[in-house]
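Chain and residue survey
Each chain, written out:
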There are 2 protein chains.
Amino acid sequence: MEPIKTILALAESYRKLPGIGPKTAERLAYATLRLTPDDRRLFIQAIDDSLTKVERCPHCGFYFEDSCPICADPKRDHSTILVVIDSKDILAIEKTKNYNGLYFVLDGTLSPLRNRNAKAIGIPRLEKEAETNKAREIILALPTDLEGETTSLYIASLFGKKNIKVTRLAHGIPVGTNLEYLDNLTIAQSIQHRTDMDKGGNENG
Amino acid sequence: MEPIKTILALAESYRKLPGIGPKTAERLAYATLRLTPDDRRLFIQAIDDSLTKVERCPHCGFYFEDSCPICADPKRDHSTILVVIDSKDILAIEKTKNYNGLYFVLDGTLSPLRNRNAKAIGIPRLEKEAETNKAREIILALPTDLEGETTSLYIASLFGKKNIKVTRLAHGIPVGTNLEYLDNLTIAQSIQHRTDMDKGGNENG
């Protein structure tokens, strides 16, 4: 006996979300049937709103409902663009209230294996934004895995040629973390980029 | 800056599914925005179908779209009822092609702490089904945690009084599993319920 069509369809939909395997998808499909009808209607409404109400800013790639809260803000410094690969990262940085420039959401990192070249992840659009805003600095906040590093190096070399300063977020020891819980690479980076006690920030070799 | 309303609503919907915490819910909400519009429409359709097409069998609690494939089957043995707590478990048992009786899906296990009493989990309905079908045996396939055991004992005592045989699936060593990977309780149960080499099945003390 096979599960009924609706359960298969639900599982297939969940399966398309990242990090959801076939077993979890099946479990979530059954759990969806157990949601109250009202909760299911709210779920439908939320996905429907994502289709009709949510837009992506053509400049930075951030999701918004009325107008982009970042690009449309004249008080922000348009000469700095911070590059991330996820809108969620923008919210995390905004929470710190330590950055007042623009953002740019790349559609992933460079990956020849997955057919993601510079155009596919939106680097030409980033170049255009940098030009339009007369950017003086690009700050990279990409993942530190191999693909993220490759992408960071690619962007650094691209904008280096245009005489635009390219920086990256400092690697180091998270505030409040004990050394023993950290990986070797982070500790190594924190030694390499150690800062003078009388200076506030990081030294960039 | 807060996430936009639609993302909050999506995250809230995912949050209602079991095993999804706030962080995962947020991640899935953003991932939903990245699904293609067609995939999102299929997702909506599947949830909508769950509201309009899927019914729960009033007898056994199994989900179906046309008619209950189990209760409506005259070739099945109506005098045996196998009790589970999840429709998924029915599919797992059906796959073995080793059981030809009826099923009954309890709405969870007894839990005074969570206000789940016999009526809340459907035991009176199970009694009625047993009566209607003139059941001679109730087979329990409930979880082996404390609440599952309590529920099994409760049902065993209830139907024992009615002179209906109550059995449970055998505990023991899964076929193909090495002893060293098994927990003590399973090994202890497998010793206690050891079977004669010349008999096929388990001995029930």
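Everything in this summary refers to the structure shown in the same document. None of the values given here were measured: they were computed from a predicted structure.

Considerations on the interface of chain A and chain B
Contacts between the two partners involve 49 residues from chain A and, on the opposite side, 49 residues from chain B. Across the interface of chain A and chain B, roughly 4,700 Å² is buried in total on both sides, 72% from carbon and sulfur atoms. Three residues stand out in chain A for area buried against chain B, namely A:M1, A:I47 and A:Y63, and they jointly supply 15% of the buried area on that side. Remark: the boundary between chain A and chain B carries 4 salt bridges. The shortest N-O distance in the salt bridge between A:R34 and B:D86 comes to 3.6 Å. At the junction of chain A with chain B, the criterion picks out 8 residue pairs in polar contact (both at pLDDT 80 or more). Of all elements in the fold, only α1 (5–15), α2 (22–34), α3 (37–52), β2 (63–64) and α4 (87–96) of chain A reach the threshold of two or more residues within the side of chain A that touches chain B. Ranked by the residues each element gives to the side of chain A that touches chain B, the list is headed by α3(A), at 13 residues. Counted by class, the side of chain A that touches chain B contains 28 nonpolar, 5 polar and 16 charged residues.

Considerations on the pairing of strand β4 (residues 101–105) of chain B
All names here are of chain B. Across the 5 residues of β4, 5 count as buried, placing the element largely inside the fold. Relative to β4, strand β3 (residues 77–84) runs parallel, the two being bridged by 5 bridges. Note on β4: the bridge partner recorded for V84 is V105. Between β3 and its parallel partner β4, the chain crosses via helix α4 (residues 87–95), and the hand of that crossover is right-handed.

What to know about the nonpolar core
Residues A:Y14 and B:Y14 are the most contacted members of the largest nonpolar core, which totals 112 residues. Residues contacting B:Y14, with those up to four places away along its chain left out, are A:Y14, A:L17, A:F43, B:I20, B:A25, B:L28, B:A29, B:T32 and B:F43.

Criteria and cut-off values
- Residues numbered from 1 in each chain as written.
- Chains lettered and ligands numbered in written order.
- Predicted model: local features only at pLDDT ≥ 70, side-chain atom pairs only at ≥ 80, totals over all residues.
- Heavy atoms only, no water.
- Contact = heavy atoms within 4.5 Å.
- Buried area = accessible area lost by both parts, 1.4 Å probe.
- Salt bridge = Lys/Arg side-chain N within 4 Å of Asp/Glu carboxyl O.
- Polar contact = N/O pair within 3.5 Å; in protein donor to acceptor, adjacent residues only side chain to side chain.
- Helix = DSSP H or I, 4+ residues; strand = E, 2+ residues; numbered from the N terminus.
- Nonpolar A, V, L, I, M, F, W, Y, C, P; charged D, E, K, R; others polar.
- Buried < 20%, exposed > 50% of the residue type's maximum accessible area, 1.4 Å probe, protein only.
- Pairing = 2+ DSSP bridges.
- Right-handed = clockwise from strand over helix to strand, strands pointing away.
- Core = buried A, V, L, I, M, F, W, Y, C linked by side-chain atoms within 4.5 Å.

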